[in-house]
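Listed below, chain by chain, are the residues.
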Amino acid sequence: MEDNKFTLVGIQEGASEHIAAPHYSYWKSVFKKFFSNKIAITMLIIAGLVVAMAFIHPLISGYDPAVNPYINDRWRQFLRPSLQFLFGTDNGGRDVFSAVWYGTRASLEIAVISTAITTVLGVAVGMLWGYSKKIDSFMIEVYNIVANVPFLLVVMVLVFVLGPGKWQLIFALSCTSWLSTAYFIRVQVMIIRDREYNLASRCLGTPTYKVLLHNVLPYLISVIVTSVARDVPNFISYEVFLSYVGVGMGAQEASLGYIIQTYAPYMSSAGYLFWIPVGVSALISVSLYVVGQALADASDPRTHMN
Amino acid sequence: MKKYILGRFIRSIFSILAVVCIAIILVYTLIPRDEIFKVDPNFTKLQGDSRTTYMYARWKELGYLDYQQQADMCKAYSDDYSSCMASEGDFEEVVKAYENDGYTIQTLKSGLVFAYRNYSIPELVGRFFSNLIVIDNPSAVQDSDNPDLERSYYIESGPNGIPALKCSGCQYQYQLYVNGSFPFIHQNVIKLNFGISFPTHSGVNTLEVINRGQDKTKSEEITFPNGSTGNSPINLYTCQYKATSTLDHLDESHFDDNYANCAYNYTAPSMTTLSYMFGILSLIIAYAIALPAGVMMARKKDKWQDKLGMVYINFMIAVPSLAFIYFAKQIGLMFGLPDKFPQYGFSDIRSYILPVIILALMSTASVMIWIRRYMIDQSNADYVKFARAKGLNEKEIFNKHILKNAIIPIVNGIPSSIILCISGSVITESVFAIPGMGKMLPDSINAYNNNMVITLTFIFTALSIFSLLLGDILMTIVDPRIQLSSKGDSR
């Protein structure tokens, strides 16, 4: 131990400010985690292809369910799937390939718009509901009355009353399902609203909206993603079913459910007419569901540790 | 606890009333009332005045409006009936009187007038609920042709020899009786009245439509009240009073009193029974499959059994139910099962297999996912570690210790699975064309059978609300530690 082996260093102001922690970015970690899941990537590609086809193909084909120029062309009826008609043709000589993508777009639009309304309304109300005791005591009574009623029944009665159509269906789906999203969010907010950092924020006089937006909302991202991941395939499923029993979409917006309903009588004589739209509807909801689940898993910060 | 259940009960009743109220308001105000004639076969045959009077008579029957023909108007207000009918004398005053009451007067092509008044929303709801519960009593029957009708209750043995409470002067002859069919003790005292079904099953009470038997009538050798015997499908327990003026020769040959308006026995069960049968059978099968599967998944966590189960669960949740049903149906067709219920009919067991299995499989996923979750949560508890330390084997720990604790939330879920059965049955019954309540809902919507829609809304809502309540009560019975009424403050 000799003094000459050491040199004196001055105090480095910067070093004391530096916190020794690995660099962490939330969204980067989310995508890293998501793209490490091979099944999720495959499903994302499938979902992407289906969505792209649904939104691009109707623009190219110019398909319109209300107009059928081939109604008198007997040779075009009930052609099996071939290179010319990838999904074959139906009883009116229409190209099923165009019809299916047109219908997929209508179904996707309904599912996405309903999910957006449900999520925005549900999260906004749910956060206030969970945070404020006064709103809670009122809303919980409303929830107890409404939540026990079978969802499908309310949607069917609403669509029956409002008449068939895209916006009617969106209204019926979103005005019945936002309450359960709000309740789901309420429970999550109640869990985290009394954590120490929120108490500290309140003591320091942070306004309620800032506590909600900056302290509570970031915590809810994975919960919200989970709820969205569940809603989109559910709404597609509901649309298909409602149109199938004849209380959903009319002929104007020939959605997937409507196509399945009109082609159901040909199930035994021309099976491809029925099974292709059914298969497409299953493909969309399965791929979106798997992608959503993987994204929900990835957006949970607890999974980022390993 | 009692206070809590009473509170829940009152709230449940309130929710049912609120939902039905909203349904009535929506259905009666938003659906154009001309729509109900869209699929009515009688309507298209009528022309001119008879069409107009038919429309208004139906609307009155369905509770849309009050409708008075000129004859009714003259009878009610005029002193000189015949001159009023000829639009003379005090006719003007009669019309004035009706106009003052808020009626609209219209003239038919024949020159006769009629008055109608649309019911306001409070009136619509009020009329519905005031007619909802009908209590039978000895002064219920009003028959001017039979002034000496005795009005009293008495006990007499029924057709099967068991004593029954009978009534003279009531609408129903048998007020309280016991027989071999479920639920064994039957009553005719309190009846719910949801109005009549129209245009499908026209003119029949909606509850009767879904509760009466289907298919062919079933004749049996019976002894009629006046002692004669014969082969007849009549169900003597359901006999109602028939006005003396409408009694015919056939009635007189069988009955010694006015209770001759009887329902029939049928070979096939009613819509309600059929739906319940499917629901309960499928629920039993669903739990028989899902419970062992969920336990297995929890025991072999992260092994291939668990992964396979998760794939199955995700598949069931993600695939649209319609696609799944058709997929399962296609597999069933390979085994020679029918693709539609009416193909083999009620009596053939093959008609039931496929729908029951599909309904059961559709509710397995949620039960499996929950039982797995609960069992895994429990498997880290202290009592499990203690059981392991005692040297019990894994099988014993899972089946005797964990399952008993994990089953509690599942017990809570059993009644609410009935709700899943309801929505599941709407889909399954529509696809298989099973004549049950589930198929009746879309059918009545497509036929604009408004009263039927309201009736089914009431039944489904009531069923689901009370099954949730039952689930909570069942949970406290299984686990006495659980208290439904919360103590203390939780902010």
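Structure first, text after, so check above.
Computed from a prediction, not measured in an experiment: that's the story for all the values here.

Thresholds applied
Residues numbered from 1 in each chain as written. Chains lettered and ligands numbered in written order. Predicted model: local features only at pLDDT ≥ 70, side-chain atom pairs only at ≥ 80, totals over all residues. Heavy atoms only, no water. Pairing = 2+ DSSP bridges. Helix = DSSP H or I, 4+ residues; strand = E, 2+ residues; numbered from the N terminus. Axes fitted to C-alpha atoms, helices over the stretch in contact; angles between N-to-C directions. Expected span 1.5 Å × (residues − 1). Bend = angle between axes of the 7 residues up to and from the residue. Patch = residues over 30% accessible without salt bridge, like charges linked within 9 Å, V, L, I, M, F, W, Y side chains within 5 Å. Areas by Shrake-Rupley, 256 points an atom, 1.4 Å probe, with all protein chains shown as cover. Salt bridge = Lys/Arg side-chain N within 4 Å of Asp/Glu carboxyl O. Buried < 20%, exposed > 50% of the residue type's maximum accessible area, 1.4 Å probe, protein only. Lys, Arg positive; Asp, Glu negative; His and termini not counted. Charge placed at Lys NZ, Arg CZ, Asp CG, Glu CD. Contact = heavy atoms within 4.5 Å. Buried area = accessible area lost by both parts, 1.4 Å probe. Polar contact = N/O pair within 3.5 Å; in protein donor to acceptor, adjacent residues only side chain to side chain. Nonpolar A, V, L, I, M, F, W, Y, C, P; charged D, E, K, R; others polar. Left-handed = near helix turned anticlockwise from the far one by under 90°.

Novice: I tried to follow the sheet that holds strand S5 (residues 152-157) of chain B on my own but got confused; where do I start?
Specialist: Through backbone hydrogen bonds, the strands of a sheet pair up, either in parallel or in antiparallel fashion. All names here are of chain B. Ordered in space as S5-S6-S7-S8, the four strands form an open sheet in which the pairing is antiparallel. The open sheet is flanked by S5 and strand S8 (185-187), the only strands paired with a single partner. Mean inter-strand twist for the sheet, computed between neighbouring axes without regard to direction, equals 15°. Bridge count for strand S6 (residues 163-168) against strand S7 (residues 174-178) is two bridges, and the pairing is antiparallel. The partner of Lys166 across the bridge, within S7, is Tyr174.

Novice: What is the right way to look at helix H7 (residues 166-192) of chain A in this model?
Specialist: Think of an α-helix as turning once every 3.6 residues; residues three or four places apart then point the same way. Under the 1.5 Å per step criterion, the end-to-end length of H7(A) is 38 Å for 27 residues, consistent within 8% with the ideal 39 Å. The sharpest bend along H7(A) measures roughly 30° and falls at A:Ser177.

Novice: Quick question: what am I supposed to make of a nonpolar patch on the surface here?
Specialist: Residue and element names in this part refer to chain B. A surface patch of nonpolar side chains, amounting to about 600 Å² of accessible area, comprises Ile162, Leu176, Val178, Phe182, Phe184 and Ile185. Relative to the assigned elements, Ile185 resides in strand S8. Ile185 gets classed as exposed once you look at its relative accessible area, which sits at 58%.

Novice: Looking at this structure, I do not really get a negative patch on the surface. What am I missing?
Specialist: Residues and elements named next belong to chain B. Where like charges cluster on the molecular surface, the negative patch consists of Asp79, Asp80, Glu92 and Glu93. Along the chain, Asp80 turns up in the loop between helix H4 (70-77) and helix H5 (81-85). Assessed through its relative accessible area of 38%, Asp80 is described here as partly exposed.

Novice: For this particular structure, what's the right way to read the sheet that holds strand S1 (residues 65-69) of chain B?
Specialist: All names here are of chain B. The strand order S1-S3-S2 describes an open sheet built from three strands, whose pairing is antiparallel. Two strands lie at the open edges of the sheet, namely S1 and strand S2 (104-107), each paired on one side alone. Adjacent strand axes in the sheet meet at a mean angle of 25°, parallel and antiparallel pairs treated alike. In this structure, S2 lies alongside strand S3 (residues 113-118), joined through four bridges in antiparallel fashion. Bridge pairing in S3 places Ile105 opposite Ala115.

Novice: I would appreciate a short explanation of the interface of chain B and chain A in the present structure.
Specialist: Frequently, the measure chosen for interface size is the accessible area removed from exposure when the parts meet. With 43 residues of chain B at the interface, the matching set in chain A holds 36 residues. For the pair chain B and chain A, the summed buried area comes to about 3500 Å², and 74% of that belongs to carbon and sulfur atoms. Connecting chain B to chain A are four residue pairs in polar contact (both at pLDDT 80 or more). For the side of chain B that touches chain A, the elements supplying multiple residues, two or more each, are helix H1 (2-30), helix H11 (304-318), helix H12 (321-334), helix H15 (394-432), helix H16 (437-446) and helix H17 (450-478) of chain B. By residue class, the composition of the side of chain B that touches chain A is 27 nonpolar, twelve polar and four charged.

Novice: Looking at this structure, I do not really get the packing of helix H4 (residues 96-131) of chain A against helix H11 (residues 271-298) of chain A. What am I missing?
Specialist: Any two packed helices are characterised by how steeply their axes cross, that is the angle between the axes, and by the distance between the axes. Residue and element names in this part refer to chain A. For the pair H4 and H11, interaxial distance at closest approach is 11 Å and the crossing angle is 35°. The interaxial crossing formed by H4 with H11 has right-handed handedness. Between H4 and H11, the residues in contact are Val96, Val100, Trp101, Thr104 and Leu108 and Leu273, Ile276, Pro277, Val280, Ile284 and Leu288, respectively. By residue class, the composition of the contact of H4 with H11 is ten nonpolar, one polar and no charged.

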